[in-house]
Amino acid sequence: GLCPERDFKVECGGFSNRPVYSLKCVPDTSLLVTSGPPDSSLHVWQVSAEDSDVIKPVSAIPTENGTGQPWAKIATISARAPWVLHGSRLDNVHITEVESRKNVYVAASRSSEELSGLAFLDCNTLLLCCAKGQLCLADARQPQSPLEAVSVPS
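These remarks concern the structure in this document. These numbers come from a predicted model, not from an experiment. (Residues numbered from 1 in each chain as written. Predicted model: local features only at pLDDT ≥ 70, side-chain atom pairs only at ≥ 80, totals over all residues. Heavy atoms only, no water.)

### Digging into unusual backbone geometry
Of note, the bond from Pro-37 into Pro-38 is cis; its omega dihedral lies within 30 degrees of zero at 20 degrees. Within the secondary structure, Pro-38 is located in the loop between strand S2 (31–35) and strand S3 (42–47). Despite not being glycine, Arg-101 has its phi angle at roughly 65 degrees, a positive value. Relative to the elements of secondary structure, Arg-101 occurs in the loop between strand S7 (94–97) and strand S8 (103–106). Residue classification places Arg-101 among the partly exposed positions, given a relative accessible area of 45%. (Helix = DSSP H or I, 4+ residues; strand = E, 2+ residues; numbered from the N terminus. Buried < 20%, exposed > 50% of the residue type's maximum accessible area, 1.4 Å probe, protein only.)

Pasting the structure below:
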């Protein structure tokens, strides 16, 4: 993960004009993805060469949710291409290719349960955790397939 003072240093004002609630490095690239209020949109940043340590905005990844929706939870992977897994609710989980901003996966769910976290278990398997504790698995090779609830032993 990123460590302050080792990997980045804020000298004056920061690099974003909006709150950053989640910041993820995109593996094998010099890109960062951030999310935070006031909406669920994602922002992509480029970390400059080692001699300048400047973080520059590259693009924004719009999401279907408008202002007032919970901020998007995010996870990144660079298996086939740099991807970001993102969503704020179980019924709006997507995988987007970071550089092209192309949507490569949409999860199918009728539940609008708020997410507390999500992760790539590998390049095909997604783990989604709802705020009320329900865990779901999804297969990125099967877009629009129903999410499978995972039973957790008590």
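Alright, that's what it looks like, and here's the rest.
### Considering the side chain of Lys-73
Structurally, Lys-73 can be placed in strand S5 (residues 73–78). Buried and unpaired, Lys-73 has no salt bridge, with Glu-114 as the nearest side chain of opposite charge at 4.3 Å. Once residues lying within four places of it in the same chain are set aside, the contact partners of Lys-73 are Leu-85, His-86, Gly-87, Glu-114, Leu-115, Ser-116, Gly-117 and Leu-118. (Lys, Arg positive; Asp, Glu negative; His and termini not counted. Salt bridge = Lys/Arg side-chain N within 4 Å of Asp/Glu carboxyl O. Contact = heavy atoms within 4.5 Å.)

### Topic: the environment of Ser-100
Tracing the backbone through its elements, the reader meets Ser-100 in the loop between S7 and S8. With relative accessibility at 39%, the residue Ser-100 sits in the partly exposed group. Sequence separation between Ser-100 and Trp-83 is 17 residues; the distance between their C-alpha atoms is 9.9 Å. At 2.9 Å, the side chain of Ser-100 forms a polar contact with the side chain of Glu-97. (Polar contact = N/O pair within 3.5 Å; in protein donor to acceptor, adjacent residues only side chain to side chain.)

### As for the nonpolar core
Within the largest apolar cluster, 20 residues are counted, with the highest numbers of intra-cluster contacts made by Leu-85, Ile-95, Tyr-105, Phe-120, Leu-128 and Leu-147. Only S5, strand S6 (82–87), strand S9 (115–120), strand S10 (125–130) and strand S11 (135–139) provide two or more residues apiece to this core. In this structure, Leu-128 is in contact with Leu-90, Val-93, Leu-115, Gly-117, Leu-118, Gln-134, Leu-135, Cys-136 and Leu-147, ignoring residues within four places of it in sequence. Formed by 10 residues, the second largest nonpolar core is a distinct cluster that contains Leu-31, Val-44, Ile-61 and Ile-74. (Core = buried A, V, L, I, M, F, W, Y, C linked by side-chain atoms within 4.5 Å.)

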